[in-house]
Structure formats: structure tokens, C-alpha cells
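Summary of structural features
Take a look at the letters that make up each chain.
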Amino acid sequence: MDATDGSPILKLGVDDAIAGLVLSTEAQWNQTKEDWRIFLHEGVVFGIRDGLRLVATAALLPYSGNNAWISMVLVSGTHRRRGLATRLVDACLETARKNGLTSWLDATPDGAAVYGPLGFTPTLQLRRLKLVKSGRAEAPPSSSATIDALRARDRRATGFDRTALLSAIALRSGSRIVAAHGAIALVRDGRTARHIGPLFANNAAPALALVHAIARSETGPILIDAVASQAAFLDGLTASGWTIERPFQRMRFGPATTAAKDTPFAVAGPEFG
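Let us look at the structure shown here. What you are looking at is a predicted structure, and each value in this text was computed from that prediction instead of being measured.

Here we come to the layout of surface pockets. Considering only enclosed or pocket space, the largest pocket measures out at about 1300 Å³ in volume. Lining the largest pocket are 38 residues, and of these Trp29, Val73, Thr108, Gly111 and Tyr115 sit closest to its centre. Going through the elements one at a time, β4 (67-75), α3 (84-98), β5 (102-107), α4 (109-118), β6 (121-131) and β11 (243-253) are the ones with two or more residues in the lining of the largest pocket. Element by element, the count of residues in the lining of the largest pocket is highest for β4, at 6 residues. A breakdown of the residues in the lining of the largest pocket according to their chemical character gives 17 nonpolar, 11 polar and 10 charged. Going through the elements one at a time, β6, α5 (147-158) and β11 are the ones with two or more residues in the lining of the second largest pocket. In terms of residue count, α5 provides more of the lining of the second largest pocket than any other element does, 3 residues in total. Looking at the lining of the second largest pocket, its residues break down into 11 nonpolar, 4 polar and 6 charged.

Okay, structure coming up:
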């Protein structure tokens with residue numbers, strides 16, 4: 001038996017943000033230290049150590065309406081295929097069960113094949129797209145959009161009240177909320193790329209116009225997570241140079257407790273990858 005196979009599952013604290021960032025950086029995820037601090041401060045993050053080294057994590061972030069999000073499920077490359085991720089996800093599910101929470105997560109295709117037999121139900125299909133910029137940036141689009149406006153659209157589209165999370169991200173240096181012609185989006189820093197999302201609009205045309213305006217004001221790579229069923233939006237992105245990096249599946253464990261009134265054009269998972 002490997003030394004970590006029977007290692008205890010620990011609850012991590014805010015001082016573990018750097019150790020968590022090492023794991024997500026190894027996995028080439030886009031999280032920042034500030035993202036980790038949100039989960040460590042607002043949620044419950046479970047971890048397994050090999051000696052002093054953090055080698056696996058999973059986080060549970062409570063939401064309104066008896067919901068919670070599982071994310072930051074990471075295992076170091078030196079410790080994979082030992083069941084560590086399953087143990088940590090089970091710890092998240094048990095915590096959610098004790099608190100009467102329905103759990104959500106975003107899964108890769110391989111992950112979805114694992115989570116399905118555990119009882120997770122597929123919901124939204126998503127696509128992560130990337131734009132690699134070349135050339136000079138234009139002035140950013142002017143906007144008087146507020147966090148209250150973004151929060152209201154987000155709650156209508158997701159059924160969740162994510163005020164605390166959206167506010168924490170929006171107030172960071174480098175973040176901005178932009179709006180035009182009925183579309184609104186949050187733009188924020190990531191470790192290797194800027195990220196657009198969440199983004200809401202009444203139809204594809206204003207959503208695309210806002211994305212193009214944002215892209216023209218950026219100088220580096222940009223990521224966006226788009227809903228797969230928004231075909232016109234996806235086609236417009238790929239026609240303008242965005243490339244699909246990977247698909248992923250939003251899944252739910254437990255009964256549905258929310259009903260979204262609108263389908264968003266682009267959504268960012270709570271791990272803000």
C-alpha cells in the first residue's frame with residue numbers, strides 16, 4: 001500500500017492557497033491564488049498530503065437555495081490512479097448530504113464517465129474556447145454596468161444567488177463589468193489568460209458584439225466557456241478566430257432545486273478556471 005493510500009483527509013485553511021495553486025498550475029488550469037482563497041474562505045476544501053506536500057484536493061462551495069458546487073478536484077501527477085480524487089469527492093458529497101445540499105460540478109468527458117455511475121445527472125453541455133490575440137489593443141468599451149445588474153442577470157439565468165462570489169471577483173484589480181445593447185459580462189484575470197464570463201444577452205448578436213468589443217481591448221489570450229446549445233453564438237466565435245479547446249459537462253447530484261429562466265450565452269464555473 002502506498003504511503004498516501006491511508007492518509008487522512010484534512011480540511012485546508014487559507015494558508016494553503018499557495019499549495020493549492022501549485023496543484024492547479026501543474027494541471028495547467030487557469031486559477032489564481034485569489035481564486036483559491038475564495039474557496040478556502042467561503043467553502044470547505046478537503047486535501048490529502050504526502051508528508052508536508054499537498055497532493056490532492058476537492059472543494060465544496062455552498063450556494064443559495066440548498067445548493068453547493070464541487071470543484072478544484074485535483075491530484076498531482078505523481079499520485080494519480082490511487083483513488084484519492086474519489087475519496088475527496090465522497091467527502092464533499094457527504095458534507096453536502098449532511099447539510100441537505102444538492103451538489104453540482106463541471107466534468108471533463110473522462111470525469112463525466114466516472115461521475116455518472118455515482119449518481120450525477122448531466123445538465124448543460126459546455127465548450128471552452130480560446131482566442132490568441134495579435135496586434136494592438138483598442139480602448140475598452142465604456143460601460144456603466146454594475147455588480148447589481150450582473151447579479152440579477154446571473155440569478156435569472158442560473159437560479160443561484162452568487163452575489164458574494166461575483167462581488168469578490170468583480171472587485172479585484174483587473175476585473176471589469178461591461179455592458180452594451182442588452183448584453184452584460186464580467187471580464188477577469190486568470191493565471192495564463194483573461195476570462196470572459198458570465199455573459200448574458202437576449203440573443204446571439206449582442207452577445208457576439210460584446211465579446212468582439214472586449215477582445216479588441218485585450219492584448220493577451222482570452223478564454224470563454226460557452227453553452228453548447230447556443231449554436232449561433234458558438235459559430236460566431238469560431239468564425240472570428242476562437243478555437244474550441246475542450247468540451248465539458250455540467251452535472252448535478254441530488255434533486256433539482258432551482259429553475260433557470262434564461263439560458264446564458266457564456267458561463268464561468270465557480271472554480272473560475
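Here the narrative resumes.
Counted according to the given criterion, the structure contains 11 salt bridges. Notably, a salt bridge pairs Arg49 with Asp16, separated by 2.7 Å at the nearest N-O pair. Within this pair, whereas Arg49 is found in strand β2 (residues 44-50), its partner Asp16 is found in the loop between β1 (10-11) and α1 (17-26), the two being separated by 33 residues in sequence. Judged by relative accessible area, Arg49 falls into the partly exposed class, the value being 23%. With a closest N to O distance of 2.8 Å, Arg172 and Asp35 form a salt bridge. In this pair, Arg172 is assigned in the loop between α6 (163-170) and β7 (176-180) and Asp35 in helix α2 (residues 33-42), connecting sequence segments 137 residues apart. Looking at Asp35, the relative accessible area reads 3%, which means it is buried. Through salt bridges with shared partners, a single network forms among Arg176, Asp189, Arg194 and Glu218.

Turning our eyes to something else, we now look at the pairing of strand β10 (residues 222-227). The two faces of the sheet receive side chains in turn, since in a regular strand these alternate between them. Within β10, 6 of the 6 residues are buried, which leaves it mostly tucked inside the rest of the structure. Two elements, β6 and β10, share 6 bridges in a ladder whose sense is antiparallel. The residue of β10 that forms the bridge with Arg127 is Ala226. Bridge count between strand β9 (residues 194-200) and β10: 3 bridges; the pairing is parallel. When the sheet's bridge partners are listed, His195 is paired in β10 with Leu223. In this region the chain leaves β9, passes through helix α7 (residues 204-216) and returns to the parallel neighbour β10; the handedness of that crossover is right-handed.

Definitions and limits used
Residue positions are given per chain, counting from 1 as you read along its sequence in written order. Per-residue local features are limited, in this predicted model, to residues with pLDDT of at least 70; the limit for side-chain atom pairs, both in listing and counting, is 80 or more; totals at the level of whole chains, interfaces and linings are taken over all residues. The side-chain figures draw on all heavy atoms in the structure; neither hydrogens nor water molecules are used. Site definitions follow a grid-based scheme: protein atoms alone, a 1 Å grid, a 1.4 Å probe that fits but cannot get out for cavities, and for pockets an open set with protein on both sides within 12 Å along at least five of seven lines, plus lining residues having an atom within 4 Å of a point. Grid points are joined across faces, edges and corners, and a volume is the space filled by probe spheres set on the points. Going along the chain from the N terminus, every DSSP run of H or I of four or more residues is numbered as a helix, and every run of E of two or more is numbered as a strand. The classification used treats Ala, Val, Leu, Ile, Met, Phe, Trp, Tyr, Cys and Pro as nonpolar, Asp, Glu, Lys and Arg as charged, and all other residues, Gly among them, as polar. The term salt bridge refers to a pairing of a side-chain nitrogen on Lys or Arg with a carboxyl oxygen on Asp or Glu at a separation within 4 Å. Burial here depends on accessible area, computed with a 1.4 Å probe over protein chains only, as a share of the maximum for the residue type. Under 20% is buried, over 50% is exposed, and the range in between is partly exposed. Any two strands are treated as partners once DSSP identifies two or more bridges connecting them. Seen with its strands pointing away from the viewer, a crossover is right-handed if its path from the first strand over the helix to the second goes clockwise.

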